[in-house]
Amino acid sequence: MKCKLCGGTAVINMHQHRLSLCGEHFLQWVPVQVARAIKKYRMFGPDERILVAVSGGKDSLALWDILLGLGYHADGLHINLGVGNGYSAESQARAEAFAAARPGAALRVVDLAREYGAGIPELARMRRGRKACSLCGMVKRHIMNQAACSGGYDAIATGHNLDDEVAVLLQNTLRWSVSYLARQAPVLPGEPGLARKVKPLVRLRERETAAYALVRGIDYIYDECPHAEGATTLFYKEILSQLETRSRGTKEMFYLGLLDAREQQGAFRSDDEKVEMHPCARCGQPTTAPGLCAFCRLWAGGTKDTQGEV
Ligand code: Q46
Ligand code: ZN
Ligand code: ZN
């Protein structure tokens, strides 16, 4: 397998693009794709400040690396979720090592157990009936938003890749979750108290972000979070990869088809009145619930008083 550009040994063959590239040309190709996505979906401009959600995995570290390489002002935020088997400790170590090796890459770490009183597994035990991942998603969204708004960032960037997006899309389609289908996009515009959210890797596949991290020598955590075991999205990813083997380009077609159906054909357009938001009585973040937001309710009467911390 030879690089299409220089004839050298290729490190990756991307069937959907009919393109094989050597390490050097692949490392040039990836940031160009990301820059295109940023521009096409109007994610952010060159002078805006970006807060990257850094888990310590391949996608988030590749994203941070690419944004810094493209010259963006991109800082990182890592949330230590307190997940066992060494997963959280290792993840934090990778994020810190990445930042330490790059002068100018500022990383903030929020340790959930230390700052709020409990990590995700403990929270899930305390709030029986709530799944760890649903609590985790809400906690991460809240902390990221709080950090972005208080830090004056223009956007939160996450490392979701095309495989992540199509797996979620399949799940939402199977359930006909119209409200999610109406909002699944590379950019979620901000509103007062809610930072804009962007997904610059949305046109790259998981094997491409993994290859980028490997060729670039980024040390990331290989293991999945132990709570992800058996997660439905992993099963959907497998199914989508089988579809892709039969019919190349299925993933792009599925995802871009959603964007097209919505933007060009008006699918999933909601005529509902805009939901009224008001500030949470404790943390001030916008919420639809009366009184406390879901995050503050989680801790109310819980482990440690979070007043003034969120
Ligand atoms: S980190 Fe959190 Fe994921 Fe672990 S507990 Fe579930 S949601 S699987 S991206
Ligand atoms: Zn080459
Ligand atoms: Zn709140």
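Going by the structure above, here's the rest.
Residues numbered from 1 in each chain as written. Chains lettered and ligands numbered in written order. Predicted model: local features only at pLDDT ≥ 70, side-chain atom pairs only at ≥ 80, totals over all residues. Heavy atoms only, no water.

(A) Layout of the overall build of the protein. Across its full length, the protein holds twelve helices and ten strands. C-alpha atoms of the protein, sized along the principal axes, occupy 65 × 45 × 40 Å. Burial status across the protein gives 49% buried among its 310 residues. Considering only contacts in the protein between residues 6 or more positions apart, those separated by 24 or more positions represent 66%. For the protein, the exposed area adds up to about 16,000 Å²; of that, 51% sits on carbon and sulfur atoms. One finds the centroid of the 39 positive side-chain charges in the protein at a distance of 3 Å from the centroid of its 33 negative side-chain charges. (Helix = DSSP H or I, 4+ residues; strand = E, 2+ residues; numbered from the N terminus. Buried < 20%, exposed > 50% of the residue type's maximum accessible area, 1.4 Å probe, protein only. Contact = heavy atoms within 4.5 Å. Areas by Shrake-Rupley, 256 points an atom, 1.4 Å probe, with all protein chains shown as cover. Lys, Arg positive; Asp, Glu negative; His and termini not counted. Charge placed at Lys NZ, Arg CZ, Asp CG, Glu CD.)

(B) Structural view of helix α1 (residues 23-40). In a regular helix each residue adds 1.5 Å, so 18 residues correspond to 26 Å; α1 covers 26 Å between its end C-alpha atoms and thus fits that length. Turning to α1, its buried residues number three or more, namely Gly23, His25, Phe26, Trp29, Val30, Pro31, Gln33, Val34, Ala37 and Ile38. The elements touched by buried residues of α1 are β1 (12-14), β2 (19-21), α2 (58-69) and α9 (206-215). Arginine 42, located one to two residues past α1, shows a positive phi value of around 50°. (Expected span 1.5 Å × (residues − 1).)

(C) Geometry of the coordination of the zinc ion (ligand 2). The zinc ion (ligand 2) binds to the protein through Cys3 (SG), Cys6 (SG), Cys22 (SG) and His25 (ND1); the donor distances cover 2.1 to 2.3 Å. Around the zinc ion (ligand 2) sit four donor atoms, and with donor-metal-donor angles ranging over 99 to 117° the site reads as tetrahedral. (Donors = N, O, S within 2.8 Å, 3.2 Å for Na, K, Ca; no water. Tetrahedral: all angles 85-135°; square planar, octahedral: opposite > 155°, others 65-115°.)

(D) Region of the structure containing the packing of aromatic side chains. On inspection of all chains with the given rule, the structure shows eight aromatic pairs. Measuring from ring centre to ring centre gives 5.1 Å for tryptophan 64 and phenylalanine 98, while their planes differ by 25°; the resulting arrangement is stacked. With a gap of 34 residues between them, tryptophan 64 in helix α2 and phenylalanine 98 in helix α3 (residues 87-100) connect regions that are remote in the sequence. Taking relative accessible area as the criterion, tryptophan 64 reaches 0% and is therefore assigned buried. Given a relative accessible area of 4%, phenylalanine 98 falls into the buried group. Within the aromatic cluster, the residues linked to one another by ring pairs are Tyr116, Phe295 and Trp299. One Lys or Arg, arginine 49, reaches over the ring of tyrosine 153 and ends 4.2 Å from the middle of that ring. The ring of phenylalanine 98 carries the charged tip of arginine 102 above its face, separated from the ring centre by 3.7 Å. (Phe/Tyr/Trp six-rings, centres within 6.5 Å; stacked < 30°, edge-to-face > 60°. Lys NZ or Arg CZ within 6 Å of the ring centre and 35° of its normal.)

(E) Focus on the coordination of the zinc ion (ligand 3). Coordination of the zinc ion (ligand 3) by the protein comes from Cys280 (SG), Cys283 (SG), Cys293 (SG) and Cys296 (SG), over a distance range of 2.3 Å. For the zinc ion (ligand 3), all donor residues lie on one chain, and their spacing in sequence is C-x2-C-x9-C-x2-C. With cysteine 280 in the loop between β9 (278-279) and β10 (286-287) and cysteine 293 in the loop between β10 and α12 (294-299), the pair connects residues that are 13 residues apart, well separated along the chain. Taken individually, cysteine 280 and cysteine 293 each receive the classification buried, so the pair is uniform in this respect.

(F) Inspection of a nonpolar patch on the surface at higher detail. A cluster of nonpolar residues, Val11, Leu214, Val215 and Tyr222, forms a patch on the protein surface that exposes about 380 Å² of accessible area. Following the sequence through the fold, valine 11 ends up in the segment before β1. The exposure class of valine 11 is partly exposed, given its relative accessible area of 44%. (Patch = residues over 30% accessible without salt bridge, like charges linked within 9 Å, V, L, I, M, F, W, Y side chains within 5 Å. Salt bridge = Lys/Arg side-chain N within 4 Å of Asp/Glu carboxyl O.)

(G) Local environment of the environment of cysteine 293. The exposure class assigned to cysteine 293 is buried, which follows from its relative accessible area of 5%. The spacing of cysteine 293 and arginine 282 is eleven residues in sequence and 8.0 Å in space, taken between C-alpha atoms. Excluding residues that lie within four positions of it along the chain, cysteine 293 makes contacts with His142, Cys280, Cys283 and Thr287.

(H) Layout of the sheet that holds strand β5 (residues 107-111). Here six strands make up an open sheet; going across it, the order is β5-β4-β3-β6-β8-β7 and the pairing mixed. The sheet is open, and its two borders are formed by β5 and β7 (187-188), each paired with just one other strand. Where strand β4 (residues 73-80) lies against β5, five bridges are found, and the strand directions are parallel. Each bridged residue has a counterpart across the sheet, and for glycine 76 the counterpart in β5 is leucine 107. Strands β3 (49-53), β4, β5 and β6 (155-157) of the sheet are contacted by α2, whose axis makes an angle of about 160° with β3. Helix-sheet contacts for α3 involve β4 and β5, and the interaxial angle to β4 is about 160°. (Pairing = 2+ DSSP bridges. Axes fitted to C-alpha atoms, helices over the stretch in contact; angles between N-to-C directions.)

(I) Structural view of helix α6 (residues 132-150). The end-to-end C-alpha distance of α6, which contains 19 residues, comes to 27 Å, matching closely the 27 Å that a straight helix rising 1.5 Å per residue would cover. Positive phi appears at glycine 152, one or two residues downstream of α6, with a value of about 70°.

(J) A look at the packing of helix α10 (residues 232-246) against helix α11 (residues 250-263). At a minimum axis distance of 8 Å, the contact between α10 and α11 shows a crossing angle of 115°. By the criterion of interaxial angle, the relationship of α10 to α11 is roughly perpendicular. Taken together, the residues of α11 that come into contact with α10 (itself represented by Leu240, Ser241, Leu243 and Glu244) are Thr250, Lys251 and Phe254. The residue makeup of the contact of α10 with α11, split by class, is three nonpolar, two polar and two charged. (Parallel < 35°, antiparallel > 145°, perpendicular 65-115°, else oblique. Nonpolar A, V, L, I, M, F, W, Y, C, P; charged D, E, K, R; others polar.)

All we've got here are geometric facts, nothing functional implied.
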